[in-house]
Every structure is written in C-alpha cells, then in structure tokens.
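# A structural walkthrough
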Amino acid sequence: MTSEQPPAVPAGRYGAARPAAGPAGRPTSRPPARRGTRAAVVVALVAAVALVAWFSFSLSASDPVTAEMVGFDAVDAEQVDVTFQVHMPPGTTAVCTVDALSTSYAQVGTLDVAVGPVEGRTSAYEVSVGTSELATSADVVGCEADGS
C-alpha cells in the first residue's frame, strides 16, 4: 500500500487562518472590526429611538388641544346644533372653529367657540351655528390653545 498525501494548498489562497477554537468550539476572540460595527449599530438605534421620542413629545406639547365630532342636528334652514368633545390638559382654554356645510360641502355657517378651562381632560360642548341655507353636515375644523 502506498500512502499518498493530498496536494498542499497554496499559501494565502483562501484567506487568513481561523483563530484557535475555545472550549465550546468557538473562536476565542472576535475581530475588532465586528465589535466596532456592532457598537455603531447600537449607537444608531439608540439615537433613532431618542429622535422619535423627542418628535413625539414636541408635537404633542405644541398642539395639546384636539376635538372630535359627536353629532349634529339641522334644526332648519337657519340653524344647526352641533355636539363635539374637546381633549386638552386640565386648566387649558382654547378656541374651536365649527363649520356648517351644505350638500355641496360649501360653508353655510361658522362659529368660533371659546372652551375651557375645565378640570378633566375631556369635555363636551353643544352649540348652535347660524346658517345661510340648510346645513346637511357639520365639522369641528380645529381647536387652538388660547395663548392669553
């Protein structure tokens, strides 16, 4: 029997040799480039989360007043009764704009309503809006915190 040795692999052809294996069969140390990449990814993720939190806080702080329609009742061609809720921090005052609309969505009436201050976060209001013709819908266009 003749024992033949496999041909030797050319040096440097397949990259650098692997580091020696530790007790679990894993390399004993990570290459420095991988540690730096992981650290950069972690720093980027932390920065992204902080940025989202900052934007969320600044947006909610700059416009703390929101409103939602509850319902409306077209009394006649000259009046529509509107019920809506306002959500704002207790003690805040605001001005809400309520519009009455015709079938073609034209504005047929509008009213600025002063709301607050109230003790709770949510408060309900019912107002009558004068109209120039029959209103078929109504909407709270928006509310702005009163700066005074």
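I will try to describe carefully the structure that is included in this document. (Residues numbered from 1 in each chain as written. Predicted model: local features only at pLDDT ≥ 70, side-chain atom pairs only at ≥ 80, totals over all residues. Heavy atoms only, no water.)

## Some words on the overall build of the protein
For the protein, the count of helices and strands is one helix and six strands. When the helices and strands of the protein are listed from N to C terminus, the series reads α-β-β-β-β-β-β. Looking at the 148 residues of the protein, the share that counts as buried comes to 20%. As displayed, the protein has an accessible area near 10700 Å², and 58% of this comes from carbon and sulfur atoms. (Helix = DSSP H or I, 4+ residues; strand = E, 2+ residues; numbered from the N terminus. Buried < 20%, exposed > 50% of the residue type's maximum accessible area, 1.4 Å probe, protein only. Areas by Shrake-Rupley, 256 points an atom, 1.4 Å probe, with all protein chains shown as cover.)

## Observations regarding a nonpolar patch on the surface
A cluster of nonpolar side chains, Leu-51, Trp-54 and Phe-55, forms an exposed patch at the surface whose accessible area comes to about 350 Å². With respect to the helices, strands and loops of the structure, Leu-51 is situated in helix H1 (residues 32–62). Note on Leu-51: relative accessible area 46%, which makes it partly exposed. (Patch = residues over 30% accessible without salt bridge, like charges linked within 9 Å, V, L, I, M, F, W, Y side chains within 5 Å. Salt bridge = Lys/Arg side-chain N within 4 Å of Asp/Glu carboxyl O.)

## Brief notes about the state of the cysteines
Under the counting rule described, the total for this entry stands at one disulfide. At a sulfur-sulfur separation of 2.0 Å, the disulfide partner of Cys-96 is Cys-143. Of note, the bridge from Cys-96 to Cys-143 carries an S-S torsion of about 110° and is right-handed in sense. Linking Cys-96 in strand E3 (residues 94–101) with Cys-143 in strand E6 (residues 137–145), this pair joins segments that are 47 residues apart in sequence. Take Cys-143: its relative accessible area is 8%, and that puts it in the buried class. (Disulfide = S-S within 2.5 Å.)

## A few points about the sheet that holds E6
Read across the open sheet, the three strands follow the order E4-E3-E6; overall the sheet is antiparallel. Of all the strands in the sheet, the pair left with one neighbour each is strand E4 (107–115) and E6. Taken over all neighbouring pairs, the strand axes of this sheet differ in orientation by 20° on average, direction set aside. As paired elements, E3 and E4 share eight bridges and run antiparallel to each other. Bridge pairing links Ala-100 to Gly-109 in E4. (Pairing = 2+ DSSP bridges. Axes fitted to C-alpha atoms, helices over the stretch in contact; angles between N-to-C directions.)

## Description of the nonpolar core
Among the nonpolar cores identified, the biggest contains 20 residues, and Val-82, Phe-84, Val-86, Val-98 and Val-115 are the most heavily contacted of them. For this core, the elements supplying multiple residues, two or more each, are strand E2 (79–87), E3, E4, strand E5 (122–130) and E6. (Core = buried A, V, L, I, M, F, W, Y, C linked by side-chain atoms within 4.5 Å.)

## A short note on unusual backbone geometry
In this structure, Pro-117 follows Gly-116 across a cis peptide bond, with omega equal to -5°. Its place among the elements puts Pro-117 in the loop between E4 and E5. Look at Tyr-105: it is not a glycine, yet its phi comes out positive at around 65°. Mapped onto the fold, Tyr-105 is located in the loop between E3 and E4. You can call Tyr-105 exposed: its relative accessible area is 66%.

## A short note on the sheet that holds E2
Note on sheets: strands pair through backbone hydrogen bonds, and any given pair is parallel or antiparallel. Taken in spatial order, the three strands make up an open sheet running E1-E2-E5, and their pairing is antiparallel. On the outer flanks of this sheet lie strand E1 (66–76) and E5, each paired with one strand and no other. Direction aside, neighbouring strands of the sheet carry axes that sit 20° apart on average. Bridge analysis of E2 against E5 gives nine bridges, and the strand direction is antiparallel. Paired with Thr-83 across the bridge in E5 is Glu-126.

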